[in-house]
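If you want the building blocks of each chain, they are given just below.
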Amino acid sequence: GESVGLHLPTLSVQEGDNSIINCAYSNSASDYFIWYKQESGKGPQFIIDIRSNMDKRQGQRVTVLLNKTVKHLSLQIAATQPGDSAVYFCAGLISGGYQKVTFGTGTKLQVIP
Amino acid sequence: EPEVTQTPSHQVTQMGQEVILRCVPISNHLYFYWYRQILGQKVEFLVSFYNNEISEKSEIFDDQFSVERPDGSNFTLKIRSTKLEDSAMYFCASRASGVVSYNEQFFGPGTRLTVL
């Protein structure tokens, strides 16, 4: 069956350092992968997506890397700030239909001031 | 900036009672979704809705669940007879059509449902 997201539960990073959040997927039919950020008391917020035929995509202060060989996805956050503290989910999506998103279990990022 | 809103923020109900969770999606969006998140677990897809009908639903979305868009702004999730295991955070999401925001679903802040 489809499975997205096997995470370490918590990542602690010093403010100003770069963060790398990892996600593994197995047997997924997703043709897009998405990173969401969920702050305490809020709903998930779209950060960046990557099509499955790409291996890298950059956004503002974030980079997503996709390694299809080992079925691994990562989110890199440059110069991590206290406002980056949140739970980060990777998710898979099959486009062309109504775009049900399949979420992983999440990684909590704690930024140490 | 437009946002998805949900009411109430917290709903407490007795087992067997009906609840209606309400959402106001972003006004020009055409695709609507409900997800739930049981405490400490991942966000799970429940249902998608487009053109006034359900387009896809998960195995969680059984006969006890229904969705409706009663007017041009609201999108509701009804649970007819709540069970203890329905206790969760319920998120509404909406998405525009078009190339630029093709994959971006905008989530509301959620309704925490507690079934006693």
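The paragraphs below set out a description of the structure included in this document. On a predicted model such as this, the values are computed, not experimentally measured, just so you know.

## Some points on the overall build of chain A
Scanning chain A from N- to C-terminus turns up 0 helices and 11 strands. Listed by position from the N terminus, the elements making up chain A come as β-β-β-β-β-β-β-β-β-β-β. At a minimum sequence separation of 6, the contacts of chain A that also span at least 24 residues come to 54%. About 5500 Å² of surface is accessible on chain A, with carbon and sulfur atoms providing 48% of the total.

## Here we look at the interface of chain B and chain A
On the chain A side, the residues contacting the 20 residues of chain B number 22 residues. Roughly 1800 Å² is buried in total at the junction of chain B and chain A, and carbon and sulfur atoms are behind 56% of that figure. At the surface where chain B touches chain A, the tally comes to 0 salt bridges. At the boundary of chain B with chain A, the tally comes to 2 residue pairs in polar contact (both at pLDDT 80 or more). Among the secondary structure elements, those contributing two or more residues to the side of chain B that touches chain A are strand 4 (31-37), strand 5 (43-50), strand 6 (53-57) and strand 9 (88-95) of chain B.

## Focus: the side chain of Ser94 of chain B
All names here are of chain B. Take Ser94: it is sitting in strand 9. Here His29 takes part through its side chain, which lies 2.7 Å from a polar atom of the side chain of Ser94. Those residues within four positions of Ser94 in sequence are excluded, and the remaining contacts are Val4, Pro25, Ile26, His29, Tyr31, Phe32, Tyr33, Glu104, Gln105 and Phe106.

Conventions and cut-offs
- Residues numbered from 1 in each chain as written.
- Chains lettered and ligands numbered in written order.
- Predicted model: local features only at pLDDT ≥ 70, side-chain atom pairs only at ≥ 80, totals over all residues.
- Heavy atoms only, no water.
- Helix = DSSP H or I, 4+ residues; strand = E, 2+ residues; numbered from the N terminus.
- Contact = heavy atoms within 4.5 Å.
- Areas by Shrake-Rupley, 256 points an atom, 1.4 Å probe, with all protein chains shown as cover.
- Buried area = accessible area lost by both parts, 1.4 Å probe.
- Salt bridge = Lys/Arg side-chain N within 4 Å of Asp/Glu carboxyl O.
- Polar contact = N/O pair within 3.5 Å; in protein donor to acceptor, adjacent residues only side chain to side chain.

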